[in-house]
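Next come the chains, spelled out residue by residue.
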Amino acid sequence: MKKEKNTEENNLMEKIVSLCKRRGFIFQGSEIYGGLAGTFDWGHFGVALKNNIKQAWWKRFVDGRRDMYGVDAAILMRQEVWQKSGHVAGFADPMVECDKCKKKFRADQLEDTKKCADCGGKLGAVMKFNMMFATKVGASDDSSATSYLRPETAQGMFVNFKNTVDAFHPRLPFGMAQIGKAFRNEITPRDFLFRAREFEQMEIEYFTREGDWEKYFEYWKDEMLEWMEEVGIDMAKVHELEVPKEDRAHYSSRTVDFEFDFPFGKKELFGIAYRTDFDLKNHELDYVDEEESKKITPHVIEPTFGVDRAVLAILLSAYAEDEKEGEVRSFLKFKPSIAPVICAVSPLLKNKPELVEYANTKVYAPLKAEFGRVAWDDNGNIGKRYRRQDEIGTPFCIVVDFDTLTDNSVTVRDRDTGKQERVKVADLRNYIKEKIN
Ligand code: ATP
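Along each chain, numbering runs from 1 in the same order as the chain's sequence is written. This being a predicted model, a pLDDT of at least 70 is required before a residue's local features are given, and a value of 80 or more before pairs of side-chain atoms are given or counted; all residues contribute to the totals for chains, interfaces and linings. Only hydrogens and water are removed before side-chain values are computed, so all heavy atoms of the structure are retained for them.

Along the protein chain, the regular secondary structure elements total 13 helices and 24 strands. Along the longest, intermediate and shortest principal axes, the C-alpha atoms of the protein chain span 70 × 65 × 50 Å. Three exposure classes are used, based on accessible area relative to the maximum for each residue type with a 1.4 Å probe and protein chains only: buried under 20%, partly exposed in between, and exposed over 50%. Out of the 437 residues belonging to the protein chain, those deemed buried represent 51%. For this analysis, residues touch if any pair of their heavy atoms sits within 4.5 Å. When contacts within the protein chain are restricted to residue pairs at least 6 apart in sequence, long-range pairs at least 24 apart make up 64% of them. As displayed, the protein chain has an accessible area near 21,500 Å², and 49% of this comes from carbon and sulfur atoms. Here the protein chain contributes 68 positively and 75 negatively charged side chains, and the mean placements of these two sets differ by 3 Å. Each helix is a run of DSSP H or I of at least 4 residues and each strand a run of E of at least 2, with the numbering of both proceeding from the N terminus. Computed with the Shrake-Rupley method and a 1.4 Å probe, the accessible areas treat only the protein chains shown as cover for residues. Counted as positive: Lys and Arg. Counted as negative: Asp and Glu, with His and the chain ends omitted from the count. To locate a charge, take atom NZ for lysine, CZ for arginine, CG for aspartate or CD for glutamate.

It is worth spelling out the packing of helix H2 (residues 44–63) against helix H7 (residues 213–230) at this point. Fitting a line to C-alpha atoms yields each axis, with helices limited to the stretch in contact; the angle taken between N-to-C directions then spans 0 to 180 degrees. Direction vectors running N to C along H2 and H7 enclose 140°, while the axes themselves pass 11 Å from each other. The pairing of H2 with H7 is recorded here as oblique in orientation. Seen along the crossing, H2 lies across H7 with a hand that is right-handed. Of H7, the residues touching H2 (which contributes Ile53, Ala56, Trp57, Arg60 and Phe61) are Trp220, Glu223, Glu226, Trp227 and Glu230. Residue classes in the contact of H2 with H7 are distributed as six nonpolar, no polar and four charged. Orientation categories follow fixed angle ranges, with anything under 35 degrees roughly parallel, anything over 145 roughly antiparallel, 65 to 115 roughly perpendicular, and all other angles oblique. Crossings are sorted by hand: turned counterclockwise from the far helix by less than a right angle, the near helix makes the crossing left-handed, and turned clockwise it makes it right-handed. Gly falls in the polar group here, along with every residue not listed as nonpolar (Ala, Val, Leu, Ile, Met, Phe, Trp, Tyr, Cys, Pro) or charged (Asp, Glu, Lys, Arg).

With that settled, the discussion passes to the packing of aromatic side chains. Pairing of aromatic rings covers Phe, Tyr and Trp, the last through its six-membered ring, and needs centres within 6.5 Å; plane angles under 30 degrees mean stacked, over 60 mean edge-to-face, and all others mean tilted. Applying the stated criterion across every chain, the model contains 30 aromatic pairs. When the ring centre of Phe194 is taken as origin, the NZ or CZ atom of Arg309, which lies over that ring, is 3.7 Å away. Note on criteria: charge over ring means Lys NZ or Arg CZ within 6 Å of the ring centre, with the direction from the centre no more than 35 degrees off the ring normal. Across from the ring centre of Phe331, 3.8 Å away, lies the NZ or CZ of Arg329, which sits over that ring.

All we've got here are geometric facts, nothing functional implied.
This is the structure in structure tokens:
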């Protein structure tokens, strides 16, 4: 029984990975040279999906609030940042190496820590492996030139805490928010986007008085759950895990992970941590609290979202199969607000200039100008176009036919139900706007 399920779930991952490649969402990084493990290149629809997710996040947590300040810090940061933050000393995973085949494994992910799962050879002692990518800045080669690609976006906010306070004079509680790349030299990148070496994070550092941390921890937990639902993550597959002390990051006094039922197991999707005053204290930063008329070090609640894991969870939540006209079809039930293409426009026949002209000038061009993420699709017959758009997750396919030329209406076909309705061309804009909201 278990075996069957595993096969089914492995198949699901294979289907998603292959759909992502076939339809131009996500490719293996450096693919034509054999691939670079843990890196991915994003194609046209993947970028669109990712941008929509990031925009939904920014809209809710930055633009939608009065107490949040956006940041876009440099990826390269001085080594002092990572010394003070504890990452140089402590951002390491336990690693073991096989004596025989020399393959390296993450020790805490192994069932058998003595025997190599690949070749049966003997595994060596557990070592600590620091996951930061080090590089040299400038032409000098001494150790003072060492810099690190950030392994988390968080420090980019802490080191700009003073700048933000001086520029905007925010009152507690307030937050800083950032979306950007993070890099971790993972020992075993795997499970597609789940464990990559280069990925993106969306993070908030929310500064409060010490006495308020529990209240805001609960508040942000709820906010995170609401956002997950908003972007179409299947909430039946999301579980909260109170992370025990021994598993928490070095800076955290409380962590709750939001786990997701991935096909390869229940694993961390996002997390929220109470970082106390650990980081601001280490960077020797403080804040003048006007209410208490004294200098204090604010405490920090950190809701963290991985963009790539969000994309994977959304793909897995949206993927569906059913039967249409005696054939199995696969489709992505993206929410209209997130879908990379909101609608595709087709002339019924591509060799009829009057249909092409109408579809192009009266339907496609105005919708494209309004929504941007509009596709022109006249390839193959209508059935083929629908299947293709279903796999891209396009909620609406609009077809211009011969009746359109006289009644100025088009057929709008719904991705999930396959139902078609006639909509006046003049009403299309509002029709789609309503669906997005
Ligand atoms: P894990 O235990 O899975 O290695 P973590 O606890 O180290 O993850 P955090 O340090 O809490 O992860 O990172 C914050 C978020 O960044 C995670 O919730 C996840 O969404 C994302 N993330 C972390 N590591 C990776 C990775 N290697 N690839 C993709 N996303 C990642």
